[in-house]
Amino acid sequence: LALESGNEQSVDRAVWNCVTCNACGELCPRGIEIIDVMKAVRTLNIGGDRAPARFKAPLLSLTDNGNPWDGERQKRLQWADNLGIPDFVPGHEYCLFTCCTTAYDPNSAAAGRSLPPLLQAAGVSFGTLGILESCCGDQAQKMGAADIFNALSSRNSELFLGAGVKKILTVSPHCLNAFKNNYPDLKGLVISEHYTELLYRLIAAGRLRLSREVGYTVTYHDPCYLGRNNGIYEAPRRVLQSIPGLRLVEMFNSRENSVCCGGGGGGAWSDDQRIGLSRVTEAMGTGAEVIATACPYCIRMLNDAVKELGVQNQIMVRDVSELLAQSVAMGDETIIVEHVERDLDQEAVYV
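Residues numbered from 1 in each chain as written. Predicted model: local features only at pLDDT ≥ 70, side-chain atom pairs only at ≥ 80, totals over all residues. Heavy atoms only, no water.

Here Gly164 lies in the loop between α10 (146-163) and β3 (167-170). A residue is classified by how much of its surface remains accessible, and Gly164, at 25% relative accessible area, is partly exposed. Sequence spacing of Gly164 and Phe88 is 76 residues, and the spatial spacing of their C-alpha atoms is 9.1 Å. (Helix = DSSP H or I, 4+ residues; strand = E, 2+ residues; numbered from the N terminus. Buried < 20%, exposed > 50% of the residue type's maximum accessible area, 1.4 Å probe, protein only.)

With that out of the way, let us pick up the packing of helix α14 (residues 274-284) against helix α15 (residues 296-309). Following both chains from N to C, one finds α14 and α15 inclined at 80°, their axes separated by 8 Å at the closest point. Between α14 and α15, the crossing angle belongs to the class labelled roughly perpendicular. Taking contact as the criterion, the partners of Gly276, Leu277, Arg279, Val280 and Thr281 in α14 are, on α15, Leu302, Ala305, Val306, Glu308 and Leu309. Partitioning the contact of α14 with α15 into residue classes produces six nonpolar, two polar and two charged. (Axes fitted to C-alpha atoms, helices over the stretch in contact; angles between N-to-C directions. Parallel < 35°, antiparallel > 145°, perpendicular 65-115°, else oblique. Contact = heavy atoms within 4.5 Å. Nonpolar A, V, L, I, M, F, W, Y, C, P; charged D, E, K, R; others polar.)

Here we come to the packing of helix α12 (residues 195-204) against helix α13 (residues 234-241). Packing of α12 against α13 leaves a shortest axis separation of 8 Å and a crossing angle of 45°. For the element pair α12 / α13, the angle class is oblique. Where α12 crosses over α13, the handedness of that crossing is left-handed. Here Thr196, Glu197, Leu199, Tyr200 and Ile203 of α12 come into contact with α13, specifically with Ala235, Pro236, Arg238 and Val239. Of the residues belonging to the contact of α12 with α13, the class tally is six nonpolar, one polar and two charged. (Left-handed = near helix turned anticlockwise from the far one by under 90°.)

Given below as structure tokens:
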């Protein structure tokens, strides 16, 4: 109906303001998949060369470099220098997949560096396909660039299956969503899991020793693609609640009602930071010193909002794995994670 009665201003332009957070879908009384409607309109616009100019660079980079950040493919694993992550072989239980934002954004890279030592401390068998990987394509799909997404999906699917991958461990909920829900070639052959799900299982099984107190008041920001899009709310909270000395407080808008960081659906390339600013302001209202989250896009967008508000000395953004790593001992040593800045249906298994 909107396509028949709307005008260019109300549909073709307004559709690009959507950050695909799925709050509308969660609340829709008729159960309409509104994100699919947005994506369909965007696809029509892409086909008619009517996409916003801000998307041209990331889409071109996805085609040329296999990532949206204009990063060199040979540097895709540079974030993990000196971490000793082995190349994936069929004997590994997990293939650790690098989100492009982890690979090329300094703040997200710092967060990403905390995960491999935790896996190693717990004796998890894992490796990486490194520079052979390409972007999961989630942002391209949500922008409506179907051809680019299909090319990335085919390339990655062929890579995973050819390498003998049975389980993919993702850092980003966007990668989880893509592999789990939008890669038809992997259906029934490869399991995709978010790292917070695995970490909570490892803690519950006693495979990680939490020995040092982390005395922060923390509020957890639900990534849209982990929560509303994939129903994973409890695992990251259970990880945080397991950390000695950490006090977890909730924002008014949390879980199904969480407010987006503004980075989904191409929002990471928008100049409009209002959503992220609103979210940081809400987090500060809880009295928290730390916003914890579990998504590289959220790390990036919330960090930008903290800087724009000028509140770096009042609140900081950290990944769940960063906080856990401050508490976990490996042998006789506690895992120490350096950060570039130092300012002040699987979910049911964990419930």
